[in-house]
Amino acid sequence: PHHASARAMPVRIRLARYGHRNLPFYRIYVADSRAPRDGRHIEIIGHYDPKPEIDGNKHMGLKIDRAKYWLSVGAQPSDTVARLFGQAGIIPAPPKKGVGAKKVPWTRGFAASAASR
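Computed from a predicted model, the values in this text were never measured in an experiment.

Rules and cut-offs
Residues numbered from 1 in each chain as written. Predicted model: local features only at pLDDT ≥ 70, side-chain atom pairs only at ≥ 80, totals over all residues. Heavy atoms only, no water. Pairing = 2+ DSSP bridges. Helix = DSSP H or I, 4+ residues; strand = E, 2+ residues; numbered from the N terminus. Contact = heavy atoms within 4.5 Å. Axes fitted to C-alpha atoms, helices over the stretch in contact; angles between N-to-C directions. Buried < 20%, exposed > 50% of the residue type's maximum accessible area, 1.4 Å probe, protein only. Salt bridge = Lys/Arg side-chain N within 4 Å of Asp/Glu carboxyl O. Core = buried A, V, L, I, M, F, W, Y, C linked by side-chain atoms within 4.5 Å.

Draft legend 1. The sheet that holds strand 5 (residues 76-77), seen in detail. Spatially, five strands are ordered 4-3-2-1-5 in an open sheet, and the strand pairing comes out mixed. The two strands at the open ends of the sheet, each matched to only one other strand, are strand 4 (59-62) and strand 5. Here strand 3 (residues 43-49) runs beside strand 4; their pairing, made up of four bridges, is antiparallel. Within strand 4, the position partnered with D49 by the bridge is H59. This element, helix 1 (residues 64-72), spans strand 1 (11-20), strand 2 (23-32), strand 3, strand 4 and strand 5 of the sheet and lies at about 120 degrees to strand 3.

Draft legend 2. Region of interest: unusual backbone geometry. Residue N22 is not a glycine yet carries a positive backbone phi of 65 degrees. As for its position among the elements, N22 is in the loop between strand 1 and strand 2. Overall, the relative accessible area of 59% leaves N22 in the exposed class.

Draft legend 3. The pairing of strand 1, seen in detail. Strand direction decides the pairing type here: strand 1 and strand 2, joined by ten bridges, are antiparallel. Across the sheet, residue V11 finds its bridge partner in strand 2, namely D32. Linking strand 1 to strand 2, which pair antiparallel, is a turn of two residues; within it N22 sits at a positive phi near 65 degrees. With two bridges connecting them, strand 1 and strand 5 associate as parallel partners. Residue pairing for strand 5: R12 is matched across the bridge by Q76.

Draft legend 4. Spatial organisation of the pattern of salt bridges. This structure, assessed with the given rule, holds three salt bridges. The shortest N-O distance in the salt bridge between D32 and R34 comes to 2.9 Å. In this structure, R37 and D38 form a salt bridge, with 2.9 Å as the shortest nitrogen-oxygen distance.

Draft legend 5. Fine view of the nonpolar core. If you look at the biggest cluster of nonpolar residues, it comprises 14 residues, and the most contacted ones within it are I13, I28, V30, I45, W70, V81 and F85. Of all the secondary structure elements, the ones that give two or more residues to this core are strand 1, strand 2, strand 3, helix 1 and helix 2 (79-88).

Here it is as structure tokens:
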């Protein structure tokens, strides 16, 4: 007779997509990592609008005290949420990925096969 609250469950802070086609809007929420993306959640702690407003800024609303609480009890933010939290100054900004990040030279494939001939 184990209770669900007695077992540690892997909790994640992540985004759930709302809005329309080509007009996304996300809720930042805390959920069991096994729950579906837009499925069952524990608590909604904010929202994020990735479309720039008239002022050119992307808007995010966040219950900072709740975000800090969930991070303090071990909830893992997703990559995107970690980036947003880093920009908001809640956690140290994670290392950059993608455009602007330092690329590791790619050696396999065409260049390697041409050099070996």
